[in-house]
Structures are given as structure tokens and as C-alpha cells.
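# Structural description and commentary
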Amino acid sequence: MKDFNMIFAGFGGQGILFVAKVVAYAGLMDGKEVSWLPSYGPEMRGGTCNCSVCLSDEPIGSPLVINPNVLVAMNTPSYDKFIDAVQPGGVVIVDSTLVTVSKERKDVRLIRIPATELADENGMKGLANIIILGRLFKETELCAFDSLEKGIAKSVPPRKQHLVEKNLEAIRLGQEQA
Amino acid sequence: MSERVLMKGNEALAEAAIRAGCRHFFGYPITPQTELAAYMAKKMPKIGGVYLQAESEVAAVNMVQGAAAAGARAMTSTSSPGISLKTEGISYMAGADVPCLIVNVQRGGPGLGGIQPSQADYWQATRALGHGDFHVLVFAPSTIQEMVDLVALAFDKADQYRMPAMILADGMLGQMMEPVELRDMGDVQLPEKPWAACGHQNKRKHNIINSLYLQASELERLVKERFARYETIKAEEQRAERYLCDDAEIVVVAFGATSRVVKAAVKEARAQGIKAGCLRPITLWPFPVDAMREAAKTAKHFLTVEMNMGQMVDDVKLSIDCSRPVSFFGHTGGVIPEPGEVLAQIQKIAGGKE
Amino acid sequence: MAVQFHRPHALIDTPTHYCPGCPHGIVHRLVAESIDELGVEGKTVGIAPVGCSVTAYNYFNCDMIQAPHGRAPAVATGVKRALPDSLVFSYQGDGDLIAIGTAEAVHSATRGENITIIFINNAIYGMTGGQMAPTSLPGQVTQTTPYGRDVHYSGYPIRVCELLSTLDGVALAQRVTIDTVPHVREAKKAIKKAFEYQLAGKGFTIVEVVSSCPTNWGLSPVDALQWLRDNMLPYYPLGVYKDIGEEAAK
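We now turn to the structure provided with this report. (Residues numbered from 1 in each chain as written. Chains lettered and ligands numbered in written order. Predicted model: local features only at pLDDT ≥ 70, side-chain atom pairs only at ≥ 80, totals over all residues. Heavy atoms only, no water.)

### Some words on the environment of Gln272(B)
Residues and elements named next belong to chain B.
- Mapped onto the secondary structure, Gln272 falls in the loop between helix H9 (257–271) and strand E12 (276–281).
- A C-alpha to C-alpha distance of 9.3 Å links Gln272 and Gln347, two positions 75 residues apart in sequence.
- When neighbours within four sequence positions are excluded, Gln272 is seen to be in contact with Leu343 and Gln347.
- At a separation of 2.7 Å, a polar atom in the side chain of Gln272 contacts the side chain of Gln347. (Helix = DSSP H or I, 4+ residues; strand = E, 2+ residues; numbered from the N terminus. Contact = heavy atoms within 4.5 Å. Polar contact = N/O pair within 3.5 Å; in protein donor to acceptor, adjacent residues only side chain to side chain.)

### Brief notes about the packing of helix H1 (residues 16–29) of chain A against helix H6 (residues 145–155) of chain A
Residues and elements named next belong to chain A.
- Relative to each other, H1 and H6 sit at 125°, their axes nearing to 7 Å. Classed by the angle they form, the pair H1 and H6 counts as oblique. Pair H1 / H6 crosses with right-handed handedness. Here H1 contributes Phe18, Lys21, Val22, Tyr25, Ala26 and Met29 to the contact with H6, which in turn contributes Ser147, Leu148, Lys150, Gly151, Ile152, Lys154 and Ser155.
- Tallied by class, the residues present in the contact of H1 with H6 amount to 7 nonpolar, 3 polar and 3 charged. (Axes fitted to C-alpha atoms, helices over the stretch in contact; angles between N-to-C directions. Parallel < 35°, antiparallel > 145°, perpendicular 65-115°, else oblique. Left-handed = near helix turned anticlockwise from the far one by under 90°. Nonpolar A, V, L, I, M, F, W, Y, C, P; charged D, E, K, R; others polar.)

### Some remarks on the nonpolar core
- Residues Met75(B), Ile167(B), Phe302(B), Ile346(B) and Ile47(C) are the most contacted members of the largest nonpolar core, which totals 147 residues.
- The element contributing the most residues to this core is helix H6 (residues 144–161) of chain B, with 10 residues.
- Two domains each donate at least three residues to this core, and these are domain 1 (4–200 + 223–236) and domain 2 (242–350) of chain B.
- The residues touching Phe302(B), leaving out its near neighbours within four places in the chain, are Val251(B), Val253(B), Met292(B), Ala295(B), Ala296(B), Val316(B), Ile320(B), Arg324(B), Pro325(B), Val326(B) and Ser327(B).
- Cys49(A), Ile111(A), Ile113(A) and Val164(A) belong to the second largest nonpolar core, which has 49 residues in total. (Core = buried A, V, L, I, M, F, W, Y, C linked by side-chain atoms within 4.5 Å. Buried < 20%, exposed > 50% of the residue type's maximum accessible area, 1.4 Å probe, protein only. Domains from an automatic or database assignment.)

### Here's the deal with the pattern of salt bridges
All names here are of chain B.
- Tallied over the entire structure, the rule returns 49 salt bridges over all chains.
- Between Asp247 and Arg270 there is a salt bridge, with the nearest N and O atoms lying 2.8 Å from each other. Taken together, the residues span a long stretch of sequence, with Asp247 in the loop between strand E10 (240–243) and strand E11 (250–253) and Arg270 in helix H9 at a distance of 23 residues.
- By relative accessible area, which is 33% here, Asp247 ends up partly exposed. (Salt bridge = Lys/Arg side-chain N within 4 Å of Asp/Glu carboxyl O.)

### Here's the deal with the interface of chain B and chain A
- With 22 residues of chain B in contact, the opposing surface of chain A contributes 21 residues.
- Contact between chain B and chain A buries roughly 1,800 Å² in total, counting both sides, with carbon and sulfur atoms accounting for 64%.
- Linking chain B with chain A are 2 salt bridges, by the criterion used here.
- Among the salt bridges present, the one from Lys267(B) reaches Glu58(A), with a minimum N-O distance of 3.1 Å.
- Put simply, chain B and chain A have 7 residue pairs in polar contact (both at pLDDT 80 or more) between them.
- Elements represented by at least two residues in the side of chain B that touches chain A include exactly strand E1 (4–8), helix H7 (171–175), strand E8 (177–181) and H9 of chain B.
- Considering only residue class, the side of chain B that touches chain A consists of 11 nonpolar, 4 polar and 7 charged. (Buried area = accessible area lost by both parts, 1.4 Å probe.)

### Focus on the pairing of strand E4 (residues 70–73) of chain A
All names here are of chain A.
- Across the two faces of E4 the burial is the same, with Val70 and Val72 and Leu71 and Ala73 all buried.
- Relative to E4, strand E1 (residues 4–11) runs parallel, the two sharing 4 bridges. Across the sheet, residue Phe8 finds its bridge partner in E4, namely Val72.
- Strand direction decides the pairing type here: E4 and strand E5 (residues 91–95), joined by 4 bridges, are parallel. Within the sheet, the bridge partner assigned to Leu71 lies in E5 and is Val92.
- In this view, the connection linking E4 to its parallel neighbour E5 by way of helix H3 (residues 76–82) has right-handed handedness. (Pairing = 2+ DSSP bridges. Right-handed = clockwise from strand over helix to strand, strands pointing away.)

### Some thoughts on the sheet that holds strand E3 (residues 50–53) of chain B
All names here are of chain B.
- One open sheet holds the 7 strands; their spatial order is E3-E2-E4-E5-E7-E6-E13, and the pairing between them is mixed. Each end of this open sheet is capped by a strand with a single partner; those strands are E3 and strand E13 (283–285). When strand polarity is set aside, the average angle formed by the axes of neighbouring strands in this sheet is 20°.
- Here strand E4 (residues 74–78) pairs with strand E5 (residues 100–106) via 4 bridges, running parallel. Bridge pairing in E5 links Thr78 to Asn104.

### Some points on the interface of chain C and chain B
- Residue-level contacts link 35 residues of chain C with 34 residues of chain B.
- Of the roughly 2,500 Å² buried where chain C meets chain B, counting both sides, 60% is carbon and sulfur surface.
- Between chain C and chain B we count 3 salt bridges in total.
- Our count for the chain C to chain B interface comes out at 17 residue pairs in polar contact (both at pLDDT 80 or more).

### Some details on the sheet that holds strand E8 (residues 204–210) of chain C
- Judged by pairing direction, the sheet is mixed, and its 8 strands sit side by side in the order E9(B)-E2(C)-E1(C)-E3(C)-E4(C)-E8(C)-E7(C)-E9(C) without closing on themselves. The outermost strands of the open sheet, each flanked by one partner alone, are strand E9 (208–209) of chain B together with strand E9 (239–243) of chain C.
- Across 4 bridges, the pairing between strand E7 (residues 170–177) of chain C and E9(C) is antiparallel. Among the inter-strand pairings, Leu172(C) is bridged to a residue of E9(C), identified as Asp243(C).
- Contacting strand E1 (44–48), strand E2 (63–66), strand E3 (87–93) and strand E4 (116–121) of chain C, helix H2 (residues 72–82) of chain C crosses the sheet at an angle of about 175° to E3(C).

### Considering the packing of aromatic side chains
Residues and elements named next belong to chain C.
- Taken as a whole and judged by the stated rule, the model has 11 aromatic pairs over all chains.
- Measuring from centroid to centroid gives 6.4 Å for Phe60 and Tyr91, while their planes differ by 55°, and the two rings are tilted. Separated by 31 residues along the polypeptide, Phe60 in the loop between E1 and E2 and Tyr91 in strand E3 bring together distant segments of the chain.
- When its relative accessible area of 0% is taken as the criterion, Phe60 is described as buried. (Phe/Tyr/Trp six-rings, centres within 6.5 Å; stacked < 30°, edge-to-face > 60°.)

### Things to note about unusual backbone geometry
All names here are of chain B.
- The amide bond that connects Thr31 to the next residue, Pro32, takes the cis arrangement and shows omega of 5°.
- Among the structural elements, Pro32 can be located in the loop between strand E2 (24–27) and helix H2 (34–43).
- The phi dihedral of Gln201 is positive, around 55°, even though this residue is not glycine.
- Summarising the element assignment, Gln201 is placed in the loop between E8 and E9.
- With a relative accessible area of 42%, Gln201 lands in the partly exposed category.
- The backbone of Leu244 shows a phi angle near 55°, a positive value even though the residue is not glycine.
- Locating Leu244 in the fold gives a position in the loop between E10 and E11.

### What to know about the state of the cysteines
- As enumerated under the stated definition, the model contains 0 disulfides over all chains in all.
- Here Cys245(B) is not cross-linked by a disulfide; its sulfur's nearest cysteine counterpart is in Cys278(B), at 6.7 Å.
- We classify Cys245(B) as buried; its relative accessible area is 8%.
- The thiol sulfur of Cys19(C) is not disulfide-bonded, and the nearest other cysteine sulfur, from Cys22(C), lies at 6.3 Å. (Disulfide = S-S within 2.5 Å.)

Following this line, the structure appears as C-alpha cells:
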């Protein structure tokens, strides 16, 4: 894929906006045009959360992704909400610990990864989002690996830089799940 | 050149204002501009500036009036319903020739409307930011980088012409992140403001900041003076971007975030052999009349695309004296147009069906 | 022979537009005398309201800003935040302060905004020709309460000093009047004290001046002052409602 039009979706607190920001930053490090647009307002209060991310060689028109070629769904309502919108040939990654796939599409590549379980088992509580990112990277190579590392470093707040290494471990764990 | 960083539009705008020398911000929370105020609340105390959360939009704009009348580079930000409340203060500032910056991160209306991106305050911004005969400089950025760059310009132009200026953004630009380069502007030297009510220090006659003139002829004289200044602004300050317009037969006019969508559609139309272009007003007041007239030399048809019910159509028609057909396509209420929809409109016009 | 009585420098030598017997002239003078005595005219910014004293900017020699109706405390806040060392006062009537400007008055008070409000309470809208004010007395006949203010229909008057004195940000809230020479002297002391508090950074100060409006009350100036004593003062008792005194500045 040349251009990536992605939707990350899940519950508030799962780090949806964070993982989306890592991807956007990684794209920026690759010299791409990028955009990051979160859902906002009462929608967030309801507990669900989603974020559009675009990576492209061209200036980005609408940053609102309607038909993604990558969907990351970290809960069932998000999967149900966006699965029909995914472009044929797109990649869909779900956290299979939390997502019940009731409807499967034949024309997309569906990847199940028990990210929450893996995070719990490997002492990476709260990093299910980053484990998924590792798997997504393995699947799509949406950026150079060192850009991904830089994306993590840029997105982790300065006073929490000690968490960078843990995030990179989570990436590697995700990659290994392929 | 400094590093390109990812920043939310609201926060980038706030940082740009600080770099442009703004040290006085007065606001009131409203979605989708709140991050701007929150950024100011975090930053201002650290640099000796003022962030104050007012009791209302009405109070906030009047605090701006006080600080600006005292000579400070002052601003406020809000979203659509908040602008309605601020119009009183904006009118007074226009009437007293007080420069300031007002930011509108637009959301859907009327009434409480919605919170998704909108451009439905075009008429308000260009026609009716309060009662009385007056205009406000209106800048409409389409990217976060441009928003950042226009902030300093808006402050400077406001000072130059002694009038309020507005950044007319929308929820998309406010909420999204994209790469932005924030320039170090050093110590900003603000222009002298000998008219300011800052205490005469026993060195001059007292200054009065006032919009009340009970003698009709005097008020008329002052309003006419102000409108003479507006003529200068119309001649000097029109800004527009021409994208593939040189030979365009179908000129799509769009401002702000919508123009991003339009450019994608125009590019696709060109790929299909349709001579389309995008003409993007950067200043909404003054409206880039000259650019419209220039485009009319090749254009057979104009199409405006907006996130409202077609509020800019009249300005395009007036600019070209209705010499070409002007169609409209748009969404409102917070729905963002898609490139495919705009392309379909362009194709329809190209096929002579419109 | 030495001049014993002269126009304060902070008042411009020009006739005012106020009606005969109107106390605005007295209160303007008290404000100006206080500015003179404190030697702060050069760093004073006054805020004129909407109402009869809208053109106060033509009478005070300090820098002046004319504010939208009720917004004077917000404008004053903006000035003070931009110029923390200045003396900032707003001069407001009852409609301006506690009808349309209630939010601005209350919130500038509770913020402890370091400004002074000179509040003229004459229980009526003067500029627009005598309509009910938020401080019009029960039973008071005005253009818009032609049968007398019915509190069950139009509600009760607001006692501003009592209301604001409950707020922690207030350093001084005092009600004075100008019906007699001793009262005028007391009013002057209160205004000067408010300015002194502000200059010491003590917080929000308000001096409420119970005043008359002979024109709209339909009384001679002398009878208006008697009406003030008989009707206003029982409802709006004079006194100090809050004074943090010598407490250290915040």
C-alpha cells in the first residue's frame, strides 16, 4: 500500500489515541505527509474512542478516514461499527481477547491477536495497543523500523521516557506473533 | 529551519500566538476549541503572561477589550455559539478602533448545533460580527501550518489597521494533528500604541477608548473614515491561493479545511482531463475579488464547496458580477464533504449537466 | 488669599450633562479628589458604564475606556491584568452593575480582582427615562412599574454590598450616601480607602453610593434627598459590610 488511511478504535483508556499518534509520528519520520484526527466530544465520554490517521506522499485532503485500508479494532463495538467501511483488500487487526468477530469479510485480511492477554502474560499491562502496532508493522511495513522507534520516543511524554524501552519490547512481541 | 513536530491545531495556534507576542488570553471552555485555552493555561504562567478563564464568553471578550485598550496584544478563542456572545464586545472594539485577535474554531449550528467541523459562521464572520457598520479582518487557514503562520499576520494587521482580526478555523483544524514548523520569532517588538488607555503618566492628555458618539454627524464622519480605511484594506490585503487555476475552466472555490478535500478532487479531475482548478480565499474579509476576476478569464463555471448551505456563493457571484454560473455543493451540520462527491460535481459540470 | 476650594486636577474643567441636583457630580468629585490626594492620576484608568454616567470619560482627566452595558468589571479586569500597577476603577449604576452586569460584578469580586467599583444606586434607570432597576424598592412607581413594584411579580431588590460581602475575594464593601455633608465626607473616606486597598493589592473593593435621581423620581433635589432618607436608607442600611482591614495583601 502506498497511502495508508487508517482507523484505530476501541475503549477510552486502551491507548487508541496514543498508538495512532505513534503511527503518525513514524510516518512523519519517514518524510511522509501525515494527519491524525480523533473523535471528540460526548462520543468520547461514552467510552468509545477512535482516531483517523493518514500517511501519504501527497498533501492530505480530508484527514477524516471514511473507508480505511487499515482498521485496528480493540473492542467489539468498534469492530462492528467500522468493519463494513474497510476497503476491499484492506487489513483488519483485532484484539481477539476482547473482540468477538460476529461478521467476517472475505475480501479483507483479518488478523486476530490476543493482545490484552499477551500484555498481561508478559508484564506489559496497558501495552496491548503497542503489541498490536508491532503486528500491524509486521503485516504492512507502513514505515521504516527506526521511524517506528522514533515515533515511540516522540510520542512518550518527556517525563515518561523510561517507558520507551518497554514499548519497544511490546512492538517486538507483536512482530513475533505473525 | 526548526523541526517539524506533530501538534494539535488548537495547541499549535496557541503556541503561535505566544510566539507572536501575545501575553493576554481570556477564554471560556467550549468544544472543539478547548485545547487552545488549556494550552494557554499551562504556558502563560511560565512566561509571565496572563491566562484567565472568564465567567462567560461575554466577559472574556470584554477582558480582551480592556487588555487591548490598555495596549496589550490580547486574544480570545471560542467556537460558534461563543462567537454569538462575543459579538457585543467585537462591535465595541471595532467602534473604538481596538485591535485584538478572535479565534473561532467553528462547529455546526444554528443554536447549540453540534460539535463537528463546520463553516456555517461564514456569514457571521464576514457580515455580522456585531451590530453596526463595520468589518473585521477574517483569515481562513486550511492547514495547521497555515493557521500558525496566519496568527502573527492577523495580530500585525489588526495593529496596523487598528481593528479586530479573526482566525476562522473549524473543528477539523482544531482537533487534528499534522506536522507543523513553529518558527522562533525572537522578542517580538509590538508597535507603539500612543492611543492606548494605559495611564497618561502625567505626560500627555488623557486617552479615551470609546465608541459612543451622540452627534449623528460626528458618528457618520468616524464611520466613513473607518470605511475609507476598509477600502485600503480591500486594495492591499486580499489573499488567495490558486491551485491549478491558470487554464481552469471549472473553478472550485473553497476555503479552510474544505479546500483540502477540493484539491484532492481537482487533482483527480485533472487526471481525467477536466480543466478544473481550486481557488482558495485565505482572507474572507477582504474577499479576494481580484483573484476571482482573474479566474473568470478562463473559467466557464464556478463551483463553491463549503461546510454550510452555500454562504460564500453570493460573494463569488458579486466578485465576478454574475458573469459566470456559480453552483454550490456542500454539507452542513458537521458532515465533511468527500473528494469523490466533489469530483462528481466537477464531472457533472464538465459534462454540461449542471 | 489662599484658594481653599478648587477643582481637583483629575476632573476636567467642563460642564457636565447631569440634571440639576444629580449626585453624580458629587461622586465624580470624590473620586477625583481621591486620585489627586493619592497622586495616581497618571497611572489611573477609569471605566465608564452605560447609563447616565456613560460620558464620564469626558469628565475625568485620567485615561478612560467606555465599556458595553454591564461589562465594566470585565473591561477593568483586562486593563488590570495588562497593567497590574495601575489604579483601575469602574463607575457603574444599578442597572449596569446588578442587572445586565451581575455576572461580571460577582465574578470580578470573587476573583478578588484588584479593582474598585464605584456603584451608584439610585433605584432607577436614569438614562432611558425612569424604568425599574434591580434596586427599585418594593412598591416604587417607575415607568415600567406604573402600579408600584410588585415583588410577587417583579421580584425583590438586590442589596449589593450584602451580596458581595459573602465572597472571599472582596477586601472592602461599604455603603455610603451623599445626602448630608458628613455623609459626603464619609463617602470620600470610603472611596479613598478603596483606592488605597487596591494600590496595596488587597483585592476587590466596592463602594456603593446610595443616590437620588430627582428627575426620574419626579421630586425636587431637596425632596429627593428626603425621599432617599425615608425610603432608600431603611432598605439599604449604610455601613461597612466587609473590610479585611490591615490583613496582609494576598
